[in-house]
Amino acid sequence: MKYTATLESIRQHRAPDWYHDCKLGIFITWGLFSVPGWAASREEPPRLVLERGFDAYFRENPYAEWYLNTLKFEDGPTRAYHDRTFGAGFAYEDFQPIFEAESRKWNPAEWSDLFRKAGAGYVVLTAKHADGYLLWPSTVGNLKRPGYFSKRDLVGELAAAVRTQNIRMGIYYSGGMDWSLNPERIDAFHKIYSTIVQAPEHVAYANAHWRELIDRCHPSVMWGDIMYPAAANIPELFAYFYNSVPDGAINDRFGTEFSIPLRPGMNPPGVHYDFLTPEYSSFDDIQEEKWETCRGIGASFGYNRDDDETSYMSAAAVIRMFVDIVSKNGNLLLNVGPRADGSIHQLQQDCLLGLGAWLEINGEAIRGTRPWIRAATTTADGIAVRFTQKRDTLYAILLGRPKVPEVRISNVTAVPGSPMHLLGVKGNLEWSQNGEDLEVRLPSILPEQAAYAIRLMPTITRQTSAA
């Protein structure tokens, strides 16, 4: 269909099937902040705010990509690190020639190969973060800082590379917040929104960037962040995108008026979106609306050189989190923060490869599935179970290794004679019905996995609402 610049028209669009089906995306947070590659805290944002408040959060922000803002705290740890490492007279924009020299070493084919092995269906690259620097040679120059863009087309080259691996390209763009245009320090929660650039020329600037990116790259995802200028004609921009990429998807962060977010870790929602984006957060149960958790493998999106095995999530922890998200109608947008030269920390790579290896065996219980009548139950010995379904097939995924071969899954009733199968292991499983519980005998020797997916065919005959 042809979309017009009205809310009625764009609201006919829904999250496309490919987005529902693929479940896993890779976020890539890369830019000038990758040169210092440092953040004062390695505490995940929700916990840092809960334990120490927003004052500590902004002064010791765990997001390395917020380096420019935390640098503005003259008595803060980022300023001390910066002066010690680069010198007191070294400005943030002085990172540009270093980044551009280092990023010449980047090989996009290496990224696309890694993301394919991880099992990703799409990627989202930070084409412009809040520091205002562009990762492509735009014809629309910065309103205050000429030449503030990459001379190498990092956005276009990644789009071409990932598409050779049948991975879709998505683009992140910080539309409302731009510190190159409004340098006011953000040191309180309300300033996240009060510092949004509202000048008429910024509306034209942001819109022109999006149109240029759409025309150049035809991205499958428009991933906006921290709202959008209030005077912007959002229906017109979204109609332009949907008419260019009919099966594209737009996130919920194009809000133009401040309102209380639906939950911690979320932005005020825009007038239209295809999916919600809780950040370092999740939902407790199945959501009718499509959603996507975005988070880093550690506490930062941008590269933090202080991260190590104590702050990065293991592949096993990511797998269990991923299964939980999928069972509740969510996707996972898992972030990598490359160094300035494009290299990705080995522990981040190990996490992605571990996730991909698990999907090689268990992917049918994830990709193309939809939520069941409920997301969760437990086994008799306390192992968490998450459900997914695909047509007439139900998957019960154990988020842990059973201590005994026979597991009893609460509140599941199967069709008599149904075959059951443990993904990755040959042969059918023995099972029996014990009242409202399903008892399944697993192989005596189990492969070492973070989670175990049992396939039940056909689906249950009696549905219960117990959790």
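Residues numbered from 1 in each chain as written. Predicted model: local features only at pLDDT ≥ 70, side-chain atom pairs only at ≥ 80, totals over all residues. Heavy atoms only, no water.

A. View of the overall build of the chain. Secondary structure assignment for the chain yields 13 helices and 15 strands. Over its C-alpha trace the chain gives a radius of gyration of 23 Å, about what one expects of a compact globule, namely 23 Å for 467 residues. Here the C-alpha coordinates of the chain stretch approximately 70 × 50 × 40 Å along the principal axes. For the chain, buried positions account for 59% of its 467 residues. Within the chain, residue pairs in contact and separated by at least 24 positions form 70% of the contacts whose partners lie at least 6 positions apart. Accessible surface, the chain: about 17,800 Å² in total, of which carbon and sulfur atoms supply 50%. Across the chain, 47 positive and 56 negative side-chain charges occur, with their mean positions spaced 3 Å apart. (Helix = DSSP H or I, 4+ residues; strand = E, 2+ residues; numbered from the N terminus. Rg over C-alpha atoms; globule rule 2.2 N^0.38 Å. Buried < 20%, exposed > 50% of the residue type's maximum accessible area, 1.4 Å probe, protein only. Contact = heavy atoms within 4.5 Å. Areas by Shrake-Rupley, 256 points an atom, 1.4 Å probe, with all protein chains shown as cover. Lys, Arg positive; Asp, Glu negative; His and termini not counted. Charge placed at Lys NZ, Arg CZ, Asp CG, Glu CD.)

B. Structural context of the pairing of strand β13 (residues 430-434). In this sheet, strand β14 (residues 437-441) lies alongside β13 in antiparallel orientation, the contact comprising 5 bridges. The partner of asparagine 434 across the bridge, within β14, is aspartate 437. In sequence, β13 turns back onto β14 through a hairpin of 2 residues, with glycine 435 there showing a positive phi of about 65°. (Pairing = 2+ DSSP bridges.)

C. Here's a closer look at the sheet that holds β13. Strand order in the open sheet made by the 3 strands is β11-β14-β13, with antiparallel pairing throughout. Bordering the open sheet on either side are β11 (406-409) and β13, each of which pairs with just one other strand. On average, each strand axis in the sheet is inclined to that of its neighbour by 20°, with strand direction left out of account. Strand direction decides the pairing type here: β11 and β14, joined by 4 bridges, are antiparallel. Opposite isoleucine 409, over in β14, you have leucine 438 as the bridge partner. (Axes fitted to C-alpha atoms, helices over the stretch in contact; angles between N-to-C directions.)

D. Main features of the pattern of salt bridges. Here the structure, examined in full by the defined rule, presents 28 salt bridges. A salt bridge links arginine 253 to glutamate 279; the nearest nitrogen and oxygen atoms lie 2.9 Å apart. One end of the pair, arginine 253, is in the loop between β5 (249-250) and β6 (291-296); the other, glutamate 279, is in the loop between β5 and β6, with 26 residues separating them in the sequence. We note that arginine 253, like glutamate 279, is buried. Where glutamate 364 meets arginine 455, a salt bridge forms, and the shortest distance between an N and an O atom there is 2.9 Å. Residue glutamate 364 is found in the loop between α13 (346-362) and β8 (376-378), and its partner arginine 455 is found in strand β15 (residues 452-456); the two are separated by 91 residues along the sequence. (Salt bridge = Lys/Arg side-chain N within 4 Å of Asp/Glu carboxyl O.)

E. Main features of helix α6 (residues 95-102). Three or more residues of α6 are buried, namely Phe95, Gln96, Phe99 and Glu100. One side of α6 carries all its buried residues, which in axial view fall inside an arc of 130°. On its buried side, α6 packs onto α4 (67-70), α5 (77-85) and α8 (154-163). (Arc of directions from axis to C-beta.)

F. Spatial organisation of the environment of alanine 5. Structurally, alanine 5 can be placed in the segment before α1 (7-10). Alanine 5 gets classed as partly exposed once you look at its relative accessible area, which sits at 40%. Along the backbone, alanine 5 and leucine 237 are 232 residues apart, and their C-alpha atoms lie at a distance of 7.6 Å. If near-sequence neighbours (up to four positions away) are discounted, alanine 5 is found in contact with Pro235, Glu236 and Ala239.

G. Structural view of α5. All of the buried residues along α5 are Thr78, Arg79, Tyr81 and His82. End-on view of α5: buried residues confined to an arc of 160°, all on one side of the axis. Elements in contact with the buried residues of α5: α4 and α6. Just beyond α5, the residue with positive phi is glycine 87, at close to 105°.

H. Spotlight on the nonpolar core. In this structure, Ile28, Phe115, Val155 and Ile397 are the most contacted members of the largest nonpolar core, which totals 126 residues. Those residues in contact with phenylalanine 115 that lie beyond four places of it in its chain are Ile26, Ile28, Ala120, Val123, Ile167, Val336, Ile344 and Leu352. Counting residues in each nonpolar core, the second largest holds 22 residues, with Ile383, Ile409, Leu438 and Tyr452 among its members. (Core = buried A, V, L, I, M, F, W, Y, C linked by side-chain atoms within 4.5 Å.)

I. Quick peek at the side chain of lysine 191. Following the sequence through the fold, lysine 191 ends up in helix α9 (residues 191-194). Residue classification places lysine 191 among the buried residues on the basis of a relative accessible area of 16%. A polar atom in the side chain of lysine 191 sits 3.0 Å from the side chain of aspartate 187. Residues contacting lysine 191, with those up to four places away along its chain left out, are Glu184, Arg185 and Ile186. (Polar contact = N/O pair within 3.5 Å; in protein donor to acceptor, adjacent residues only side chain to side chain.)

J. Fine view of the packing of helix α12 (residues 315-327) against α13. In contact at an axis separation of 8 Å, α12 and α13 are set at 55° when each is read in the N-to-C sense. Accordingly, the angle class assigned to the pair α12 and α13 is oblique. As α12 packs across α13, the resulting crossing turns out to be right-handed. Here Ala315, Val318, Ile319, Phe322 and Val323 of α12 lie close against α13, whose contacting residues are Asp350, Cys351, Gly354, Leu355, Trp358 and Leu359. Grouping the constituent residues of the contact of α12 with α13 by class yields 9 nonpolar, 1 polar and 1 charged. (Parallel < 35°, antiparallel > 145°, perpendicular 65-115°, else oblique. Left-handed = near helix turned anticlockwise from the far one by under 90°. Nonpolar A, V, L, I, M, F, W, Y, C, P; charged D, E, K, R; others polar.)

K. Main features of the confidence of the model for the chain. Averaged over all residues, the pLDDT of the chain is 95; the fraction at 70 or higher stands at 97%. Low pLDDT, under 50, characterises residues 462-467; the stretch is placed with 12 contacts to residues that sit more than four places away or in other chains. (pLDDT = per-residue confidence, 0-100.)

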